[in-house]
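# Close look at the chain arrangement
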Amino acid sequence: MRIDRRRLEASIEELGRIGETNKGGLTRLALSDDDRRARDRMVAWMREAGLSVRIDRMGNIFGERAGTEALPPVMMGSHIDSVPTGGKYDGQLGVLCALEAIRTLNDHEVQTRHPVMLVIFTNEEGARFQPAELASGVMAGKIALEDAYNTRDKDGIRLVDELERIGYLGPEPCVARPLRAYLELHIEQGPYLEEEGRSVGVVEGIVAISWSRVTIHGVQDHAGPTPMRTRHDALVAAAQIVTGVRRIATEIGGDLVATVGHLTVSPNITNAIPGKVALSIDVRDPLDATIDRALALVERVVHEACAREGVTSEVEHYWRVPYTRFDGAVVDAIERAARAAGARYRRIRSGAGHDAQYMAMIAPAGMIFVPSRGGRSHCEEEFTPIGDIEDGANTLLLTAAGLARGK
Ligand SMILES: [Zn+2]
């Protein structure tokens, strides 16, 4: 049993036209009009494939292919929202490979004991509404539904209002249900598979992730008459924090990565000394203890930078996901399927967060990676060769079929 490569390729192209940028990338922010159009397209395809479609209160979309027995389903899927000027592979590839796997089961009239279910998660990227993986977080019981509903985008629009506006505020409760397994195919977003000429990564786990917010309070004043010696410049302290965070990562070394990716400078004009700066810090490592060590050093760097400049600050570590170890039996099943599919595979770890992180808390979960050209993602240049996608999709198909047939 093999997937239909041309049909899959055609679906990737068609869905990729919704929200396509003029450089061939994708801007399809969660719950935007383009997200609605892409959802409508997916729901139509799911119905054509004979799936019964349901929507939950977070706008997650489910399509179920019945099993022969009343057993927990094998769920597979990903997300179809993107970052601004992102690519056509992050997220939607996992959803379309799952759809292709179901279409292939239909072609071969395969009956499974467990139902097979396709899922599309709302707002995985966290580009429009924070935090990331919001809807799977609600499903896993780690984020309260009310908090998710009240999350606002940068224009102050509430998530729940956008869900309703685009017609995807569904009736089903967004809660954990028994699952045989959760499977997610995704692009690697790193360089390793391509460097080694592999087509498939059998993912063993996802690094722990920590997000912090630092707010620095200086003294806003005129850029002209204020002498250098009397200044309390919030941005000068922020600059030292940015380089300090980089230094922490290089000093601890190993797999630790740390990034300051977002700054808000106030008043952010040419002729005023910045009075207030807010900045973000993203820290990742396979070991939770290493993250704890890095965060302690971050606090010291912030404290020292602010003392030097005579400014005050607050540090909030507001989001944390521990290391995710995928289910051993599911990982083994994926590895067997990769071998059976003839894929050139290796075991690998994910440096990026995915809905599978939350799903692993409520179900036996696993992920399949396919290579990212140049290791690049979250950009318009994102690309995966179709031959590698085919290997990944066949791995997904054989894993799902095996788990759904079994006890
Ligand atoms: Zn993704």
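How each quantity is defined
- Residues numbered from 1 in each chain as written.
- Predicted model: local features only at pLDDT ≥ 70, side-chain atom pairs only at ≥ 80, totals over all residues.
- Heavy atoms only, no water.
- Axes fitted to C-alpha atoms, helices over the stretch in contact; angles between N-to-C directions.
- Helix = DSSP H or I, 4+ residues; strand = E, 2+ residues; numbered from the N terminus.
- Parallel < 35°, antiparallel > 145°, perpendicular 65-115°, else oblique.
- Left-handed = near helix turned anticlockwise from the far one by under 90°.
- Contact = heavy atoms within 4.5 Å.
- Expected span 1.5 Å × (residues − 1).
- Buried < 20%, exposed > 50% of the residue type's maximum accessible area, 1.4 Å probe, protein only.
- Salt bridge = Lys/Arg side-chain N within 4 Å of Asp/Glu carboxyl O.

### Section: the packing of helix α2 (residues 33-48) against helix α3 (residues 92-107)
Close contact between α2 and α3 brings their axes to 10 Å; oriented N to C, the two are set at 15 degrees. Between α2 and α3, the angle is such that the two are roughly parallel. Considering how the two elements wind past one another, α2 and α3 form a crossing that is left-handed. For the pair α2 and α3, contact is made by M42, W45 and M46 and by V95, L96, L99 and R103, respectively.

### A short note on helix α12 (residues 386-405)
Owing to its 3.6 residues per turn, the α-helix aligns residues three or four sequence positions apart on the same side. Along its 20 residues, α12 runs 28 Å from first to last C-alpha, staying within 8% of the 28 Å computed at 1.5 Å per residue. The element α12 is extensively covered by neighbouring structure, given that 16 of its 20 residues are classed as buried.

### Some words on the pattern of salt bridges
Scanning all chains against the criterion turns up 32 salt bridges. In this structure, the salt-bridge partner of D107 is R7, at a minimum N-O distance of 2.9 Å. Within this pair, whereas D107 is found in helix α3, its partner R7 is found in helix α1 (residues 5-16), the two being separated by 100 residues in sequence. Overall, D107 belongs to the partly exposed group, its relative accessible area being 48%. Several salt bridges share partner residues, and in doing so they unite D33, R36, R128, D153, E162 and R165 into one network.

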